[in-house]
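# Fold and geometry: a report
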Amino acid sequence: MTFATPRDIPQPNNFNIIRLFLAFYIVLVHFAALTDTETSLLIVRGHDCVCGFFVISGFLIYSSYCRSSSLKSYFEKRARRILPSYIFVVVLFAVALFLVSPVPVEKYFGRHWLKYLGSNLAFCNFVEPTLPGVFADNGMTAVNGSLWTIKIELTAYVMLPVCVWLCRKIRMNPFIFFGVVILLSIAYRIGCNMMFQRTGDEHYLTLARQIGGLTAYFVVGMMMYELLDYVLRYKWQLFVIGLLAFIGAYCAPVTATVVKPFALGCIIIPAAFIGRWGVWLGAADISYDMYLLHFPVIQLVVHFRLPDRIGTIPSLMVVIAVVILLSCLTWHFIGEPFLRRKKLTSDKPRK
């Protein structure tokens, strides 16, 4: 069966605005959590927005892979998108936050700082999430608690061509193969949750959120790409089914682990092709920059006790304004320039 071949994705579409909405919602969730603000307005869990990003990644990165002329071209495009902004943000805050640290400069830039910089540049932020003296009085001391997903995203990029190669090697129907991978991912997550309930060890919850548990969302996005013709034909029906299933997962949490990957896939991918409500954003995609930048900005707001001084809503407005401004700058001067292809091999369908 022919698969992993290029398909015509309707242009323009709403992917950029959907990603922007997901990033904005995560900003709100983290603002509420870090400022200890009680609200009933955030009815959807922030983790579901993260999972939504993985659905979109599965769809678009699979498309990128199918259109790439070689593995080198595929990985080069992924590196151009992920690495420049990530490296800039890690280095920027690692250097600039010495301004809010009570630790003397000569001690700030010591072994602790090098460990933070090295582990975060290696996508292992869990090794050292803090900087010397920075945010020590905040409820959470981590500099950037959003970076944990990037290592999972990169792992998914590597996993994708391996899965395609393996599917072809064993000559299995791709939908059966993808289905098995999704079910294994769901089973892994269920197993981690069961172990947490049995032992109370929160490490199992952390393991549930790693690549094994999020693979289902990524692969659902890949399946939606393979089924693109059906998605475009039945987009409204799929959207309604996905929305009802997603609501059902919240009403019956016991079903969430199984239902949500498919529900989010049926909501997000069809929504990208329903109408033209998001095309005004054009090619600009600041959602990734917003995701990378917002956490330390909120931490700074908490550090300076801005909610106590000017109020919660004004503080949120400050966060939104600063994050959008910084995101536009990093996109314009870092993200977008690195995406401009110079003399890369033209992308032709792989045979």
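As a starting point, this report considers the structure included with it.

Reading the values: rules and limits
- Residues numbered from 1 in each chain as written.
- Predicted model: local features only at pLDDT ≥ 70, side-chain atom pairs only at ≥ 80, totals over all residues.
- Heavy atoms only, no water.
- Axes fitted to C-alpha atoms, helices over the stretch in contact; angles between N-to-C directions.
- Helix = DSSP H or I, 4+ residues; strand = E, 2+ residues; numbered from the N terminus.
- Parallel < 35°, antiparallel > 145°, perpendicular 65-115°, else oblique.
- Left-handed = near helix turned anticlockwise from the far one by under 90°.
- Contact = heavy atoms within 4.5 Å.
- Nonpolar A, V, L, I, M, F, W, Y, C, P; charged D, E, K, R; others polar.
- 1 Å grid on protein atoms, 1.4 Å probe; cavity = no way out; pocket = protein on both sides within 12 Å on 5 of 7 lines; lining within 4 Å.
- Points joined across faces, edges and corners; volume = space filled by probe spheres on them.
- Salt bridge = Lys/Arg side-chain N within 4 Å of Asp/Glu carboxyl O.
- Buried < 20%, exposed > 50% of the residue type's maximum accessible area, 1.4 Å probe, protein only.

## Examining the packing of helix α3 (residues 71-96) against helix α5 (residues 111-121)
- In the contact formed by α3 and α5, the axes pass within 10 Å of each other and the chain directions differ by 165°. Classified by the angle between their axes, α3 and α5 sit roughly antiparallel to one another. At the point where α3 passes α5, the crossing takes the right-handed sense. Contacts between α3 and α5 pair Tyr86, Ile87, Val90, Val91, Ala94 and Val95 from the former with Trp113, Tyr116, Leu117, Asn120 and Leu121 from the latter.
- Considered class by class, the residues forming the contact of α3 with α5 number 10 nonpolar, 1 polar and no charged.

## Regarding the layout of surface pockets
- The computed volume of the largest pocket comes to approximately 1,200 Å³.
- Those elements that provide at least two residues to the lining of the largest pocket are α1 (15-34), α2 (46-67), α3, α6 (148-170), α13 (287-303) and α15 (312-339).
- Among the elements that take part in the lining of the largest pocket, α2 stands out by supplying 10 residues, more than any other.

## Re the pattern of salt bridges
- One pass over the full model with this rule turns up 5 salt bridges.
- A salt bridge links arginine 7 to glutamate 226, with the nearest nitrogen and oxygen atoms 3.1 Å apart. Of this pair, arginine 7 sits in the segment before α1 while glutamate 226 sits in helix α9 (residues 211-226), and the two are 219 residues apart along the sequence.
- Given the relative accessible area of 22%, arginine 7 is considered partly exposed.
- Through salt bridges with shared partners, a single network forms among Arg19, Arg81 and Asp285.

Bear in mind that shape data such as this cannot, by itself, settle questions of function.
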